[in-house]
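What follows is the residue order along each chain.
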Amino acid sequence: MTAQLEVRDLAVRYGQALAVRGVSFGIERGETLAVVGANGGGKSSLGKAVARLVGSTGDVLLDGTPVPRTAVAAVGAGVVYVPEGRMVFTQLSVADNLRAGAFSVRRKHDWEARRATLYERLPRLAERASVRAGLLSGGEQQLLAIGRALMAFPSVLVLDEPSLGLSPSAVVTVTDFLREIQQEYDMTVLLLEQNAAFAAKLARRALVLELGVVREVVDAATLAEPAPVPADAESAERQ
Amino acid sequence: MDALVTTILLGIMQGGLYTLVGLGVTLTFGVTHILNFAHGEFITVGAYAFVLFAGALGAGLALPLALLVAGGVAAILYVVGFRRTIGNHLQGLAFSLGLLLFAEAFFVRTFTATPRSGPRIEGTVSLIGEEQLPVGRLVVIGVTIVVVVVTAFAMRRTWIGLALRACGDDEFAASTVGLPARRVGLYAFVVAGALAAVAGICIALVVPITPATGLSFLLKGFVVAIIGGLGSIEGTFVAAMMLGLLEALGTRYVEAGLTNAYGFVLMIVILLVAPAGLFNRRQVRAG
Ligand SMILES: Nc1ncnc2c1ncn2[C@@H]1O[C@H](COP(=O)(O)OP(=O)(O)O)[C@@H](O)[C@H]1O
Ligand SMILES: [Mg+2]
């Protein structure tokens, strides 16, 4: 099986500084690939480069075709990035945030149907449809930011630190929501996360990114374990 | 009593014109973060276009043509100039100030400084008591109210309105949903140019115009946009009405020579109380 999203030798440069240096990987359709690593490791830069929000060198292929080089066209091609820190439109209502997410969608009834499904799944957002998004809680804003991205009918969803700054219960809600929508819409997910335990809940494979370089590719399950020696921790858990 | 009614109507009319100008300032600033000091020249362009076309083709055709000319001029200036200054405030400042000086000189050279009158709406009616109210002013009040309401509605209900609000709210987030920020900036300039042209036409309907017509309104437009909390439509409207009424009442009952000072006093007082303006709900975001 060939990868749906193929990244080859991707590099991102800000002036003199190289934030991402020759990263390559593939993600299969419906798979979630986590990219973990400390702050400043280049996760956001990598995700933005995939969604064409920052300039890069190297290739990003979707089903074998290069993802167009502008952010607008990349969204149109189905690669949608959910920003770190949520970045909902704070002064717009929840409903308008979702409507804005559908900017690239031509047919109105398509996105309206999708919004209706989203409201069914998240009644809390439906109740607050006319409330300014800036007034929502952090967890609600994260759900809204993901929902907004869904309105663009993504085939590849790039999630930048969706667990950042959320309460433990909000993290559980976001995790469940992500599982459900990925199933329902058959999406491929690139999950950029500092929180390895969270990444392990959603992904099976993880790239460890350090200073812009992939240091290793690991089984995501090993990330969730606190002990430095995975084998020991595994046997301890079985007992 | 009758004098008070007239004064209030005059204040509402001025407030309506300030709203049209302030909306353009706030809209272009919200989307592109350019404070366009040449914005007032769109008023002048609209006013002269209206007067000239009205002389040649009649007022009916002159109305849409004046809007088209001002919107077109705004579009061209955005594409060749303003667009390239986005993200560089000093460049934007230099470009818009240069443009302002150029436009003023251009208008004086082309049209001379002699005031010109277009198709004025003359005559008065007496609505309340003995006081005669000029029809032209009442028409201007009606026009500005309709245009402001339509603009506010369009900002809420249309795709362009949503795009303008989304880009003004968070440009990066807007780019993640596939909004072309630079193109949306063009829409902002065209809408701002057309709104300024409506103001210019309204002004030409009640008083003679000169090359300096736009500039005097620009300063007031800035004041109301800032008091309103840059980027807010409701704020601009409320601030414009406050300023218009304050000026009219102050001129009539306090001291006519201070007309232009009232607004700045108002701005200073309000900014001392609410430093971000009346309706600024923008939140400081961490990171
Ligand atoms: N817009 C930018 N301009 C300059 N340097 C940047 C910019 N964005 C990120 N960087 C730098 O690139 C490196 C990677 O940052 P980032 O991609 O945000 O990493 P992460 O998301 O893993 O925290 C950091 O050293 C950061 O300072
Ligand atoms: Mg990051």
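In this text, all values refer to a predicted model and were calculated from it rather than measured experimentally. (Residues numbered from 1 in each chain as written. Chains lettered and ligands numbered in written order. Predicted model: local features only at pLDDT ≥ 70, side-chain atom pairs only at ≥ 80, totals over all residues. Heavy atoms only, no water.)

**Some remarks on the coordination of the magnesium ion (ligand 2)**
Residues and elements named next belong to chain A. The protein atoms that coordinate the magnesium ion (ligand 2) are S44 (OG) and E84 (OE), at distances of 2.0 to 2.2 Å. A residue pair is termed long-range when its members are at least 10 positions apart, and S44 in helix 1 (residues 43–50) and E84 in the loop between strand 6 (79–82) and helix 3 (94–101) qualify at 40 residues. We classify S44 as buried; its relative accessible area is 18%. Judged by its relative accessible area of 30%, E84 is partly exposed. (Donors = N, O, S within 2.8 Å, 3.2 Å for Na, K, Ca; no water. Helix = DSSP H or I, 4+ residues; strand = E, 2+ residues; numbered from the N terminus. Buried < 20%, exposed > 50% of the residue type's maximum accessible area, 1.4 Å probe, protein only.)

**Quick word on the site of ligand 1**
Residues and elements named next belong to chain A. The full set of residues close to ligand 1 is Y14, A19, A38, N39, G40, G41, G42, K43, S44 and S45. The separation between an oxygen atom of ligand 1 and a polar main-chain atom of G40 is 2.7 Å. Within the contact set of ligand 1, an oxygen atom lies 2.8 Å away from a side-chain nitrogen or oxygen of K43. Compared with its free state, where it exposes 560 Å², ligand 1 has 57% of that area covered by protein. At three residues, helix 1 tops the list of elements feeding residues into the shell around ligand 1. Residues of the shell around ligand 1, tallied by class, amount to three nonpolar, six polar and one charged. (Near = heavy atom within 4 Å. Polar contact = N/O pair within 3.5 Å; in protein donor to acceptor, adjacent residues only side chain to side chain. Areas by Shrake-Rupley, 256 points an atom, 1.4 Å probe, with all protein chains shown as cover. Nonpolar A, V, L, I, M, F, W, Y, C, P; charged D, E, K, R; others polar.)

**Details of the pattern of salt bridges**
Residues and elements named next belong to chain A. Considering all chains together, one arrives at 18 salt bridges over all chains under this definition. Between E31 and R205 there is a salt bridge, with the nearest N and O atoms lying 3.0 Å from each other. Taken together, the positions of E31 in the loop between strand 2 (17–27) and strand 3 (32–36) and R205 in strand 9 (residues 205–210) put the pair 174 residues apart, joining distant regions of the chain. For R205, a relative accessible area of 30% puts it in the partly exposed group. (Salt bridge = Lys/Arg side-chain N within 4 Å of Asp/Glu carboxyl O.)

**Digging into the interface of chain B and chain A**
Across the contact, 23 residues belong to chain B and 25 residues belong to chain A. Put simply, chain B and chain A have one salt bridge between them. When the shortest N-O distance is used, the salt bridge between B:R165 and A:D96 registers 3.0 Å. On the surface where chain B and chain A come into contact, there are five residue pairs in polar contact (both at pLDDT 80 or more). Of all elements in the fold, only helix 5 (135–157), helix 6 (159–169) and helix 7 (171–176) of chain B reach the threshold of two or more residues within the side of chain B that touches chain A. Considering each element in turn, the side of chain B that touches chain A owes the most residues, six residues, to helix 6 of chain B. Split into classes, the residues belonging to the side of chain B that touches chain A amount to ten nonpolar, five polar and eight charged. (Contact = heavy atoms within 4.5 Å.)

**Brief notes about empty space enclosed by the protein**
All chains considered together, the criterion is met by two cavities of 30 Å³ or more. Approximately 60 Å³ is the volume attributed to the largest cavity. In this structure, the largest cavity is lined by A:T32, A:L157, A:L159, A:L178, A:I181, A:Q182, A:M187, A:V189, A:L191 and A:L202. Of all elements in the fold, only strand 7 (156–160), helix 7 (168–185) and strand 8 (188–193) of chain A reach the threshold of two or more residues within the lining of the largest cavity. In terms of residues, the lining of the largest cavity owes the most to one element, helix 7 of chain A, which gives three residues. Residues that form the lining of the largest cavity fall into these classes: eight nonpolar, two polar and no charged. Estimates place the volume of the second largest cavity at around 30 Å³. Around the second largest cavity, the lining residues are B:V31, B:T32, B:I86, B:E171, B:A181, B:R182 and B:G185. Of all elements in the fold, only helix 1 (2–32) and helix 8 (181–206) of chain B reach the threshold of two or more residues within the lining of the second largest cavity. Examining the composition of the lining of the second largest cavity, we find that three residues originate from one element, helix 8 of chain B, more than from any other. A breakdown of the residues in the lining of the second largest cavity according to their chemical character gives three nonpolar, two polar and two charged. (1 Å grid on protein atoms, 1.4 Å probe; cavity = no way out; pocket = protein on both sides within 12 Å on 5 of 7 lines; lining within 4 Å. Points joined across faces, edges and corners; volume = space filled by probe spheres on them.)

**Some details on the sheet that holds strand 9 of chain A**
Residues and elements named next belong to chain A. Taking strand neighbours across the sheet as the criterion, the six strands line up as 6-7-8-3-9-10 in an open arrangement whose pairing is mixed. Of all strands in the sheet, those bounded by a partner on one side alone are strand 6 and strand 10 (213–219). For this sheet, the mean angle separating the axes of adjacent strands, direction not counted, is 20°. Direction of pairing for strand 6 relative to strand 7: parallel, over a ladder of four bridges. From the neighbouring strand, Y81 faces strand 7, where its bridge partner is V158. (Pairing = 2+ DSSP bridges. Axes fitted to C-alpha atoms, helices over the stretch in contact; angles between N-to-C directions.)

**Description of the UniProt feature "transmembrane region" (unreviewed entry) in chain B**
Under the UniProt annotation, the feature "transmembrane region" (unreviewed entry) is placed at residues 12–35, 47–80, 92–114, 134–155, 186–210, 222–246 and 258–279 of chain B. The distance separating the terminal C-alpha atoms of residues 134–155 of chain B is 32 Å; by composition the span is 95% helix and 5% strand. (UniProt positions renumbered as here; feature names shortened; annotations may be inferred.)

**Considering the packing of helix 9 (residues 213–227) of chain B against helix 11 (residues 259–273) of chain B**
Residue and element names in this part refer to chain B. The contact between helix 9 and helix 11 brings their axes to 10 Å, and the two run at 20°. In terms of their interaxial angle, helix 9 and helix 11 are classed as roughly parallel. The two elements helix 9 and helix 11 meet at a crossing, and its hand is left-handed. Two secondary-structure elements touch here, helix 9 through L219, K220, V223, I226 and I227 and helix 11 through N260, G263, F264, L266, M267, I270 and L271. (Parallel < 35°, antiparallel > 145°, perpendicular 65-115°, else oblique. Left-handed = near helix turned anticlockwise from the far one by under 90°.)

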